[in-house]
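Architecture and fold: a report
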Amino acid sequence: MSSDERYSEEACVVIDSLEQIGSQWRLIVLHDLQEGEKRFNELKRSTDASSRTLSRVLDDLKEMGFVNRRLEEDAPVATYYSLTSKGESLGPVFEAIENWAEDWLDPDEESLIAADGGSEAE
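Now for a look at the structure at hand. (Residues numbered from 1 in each chain as written. Predicted model: local features only at pLDDT ≥ 70, side-chain atom pairs only at ≥ 80, totals over all residues. Heavy atoms only, no water.)

1. What about the overall build of the protein chain?
Along the backbone of the protein chain there are eight helices and three strands. Taking all 122 residues of the protein chain together, the buried fraction comes to 23%. Put simply, of all contacts in the protein chain between residues at least 6 apart along the chain, 42% involve residues at least 24 apart. Accessible surface, the protein chain as shown: approximately 8700 Å² in total, 48% of it carbon and sulfur. (Helix = DSSP H or I, 4+ residues; strand = E, 2+ residues; numbered from the N terminus. Buried < 20%, exposed > 50% of the residue type's maximum accessible area, 1.4 Å probe, protein only. Contact = heavy atoms within 4.5 Å. Areas by Shrake-Rupley, 256 points an atom, 1.4 Å probe, with all protein chains shown as cover.)

2. Points about the nonpolar core
One broad trend across soluble globular proteins is that nonpolar side chains are buried collectively. Counting residues in each nonpolar core, the largest one holds 17 residues, and the members touching the most others are Leu30, Leu58 and Val67. Listed by contribution, the elements that provide at least two residues to this core are helix H3 (24-32), helix H4 (40-47), helix H5 (51-63) and strand E3 (78-83). Looking at this core element by element, the count peaks at four residues for H5. Dropping the residues within four chain positions of it, Val67 is found in contact with Leu33, Leu58, Leu61, Lys62, Tyr81, Ser82, Leu83 and Thr84. (Core = buried A, V, L, I, M, F, W, Y, C linked by side-chain atoms within 4.5 Å.)

3. With respect to the pairing of strand E2 (residues 67-72)
The pairing of E2 with E3 spans six bridges and is classified as antiparallel. Looking across to E3, one finds that Arg70 is bridged to Tyr80. Connecting the antiparallel pair E2 and E3 is a turn made up of five residues. (Pairing = 2+ DSSP bridges.)

4. Some words on H5
Look at H5: 18 Å from first C-alpha to last across 13 residues, which is about the 18 Å you get at 1.5 Å a residue. Along H5, the residues classified as buried are Thr53, Leu54, Val57, Leu58 and Leu61. Down the axis of H5, the sector holding all buried residues measures 125°, keeping them to one side. Projecting away from the buried face of H5 at angles above 90 degrees are the exposed residues Arg52 and Glu63. Buried residues in H5 make contact with H3, H4, E2 and E3. Where H5 ends, the next residue or the one after it, Gly65, has phi of about 85°, a positive value. (Expected span 1.5 Å × (residues − 1). Arc of directions from axis to C-beta.)

Pasting the structure below:
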């Protein structure tokens, strides 16, 4: 059975989407740029990525149409990155994930049990 036959069309769309944005570093950069345009070194500090990793991720995101690159040639020379409309459209996705995480990844086990409507002993 091929992978195309194993998944419904709806699941394939989700899987394809996650393959584009799903790497840890891509998600971190896309989330970080939701705040607005940043210089390369600002992104490097805020993401804690190595220069090589960040450069590769930014190139990938630019090629896929998520990120714009702007070169400021006045001294000091700086490269700025911002989201395209495609990248900005992920804002509600990040918000939904953050809301889900607040509801379900709460370290207080009691609130998780209460939210489930049951107890661990059941």
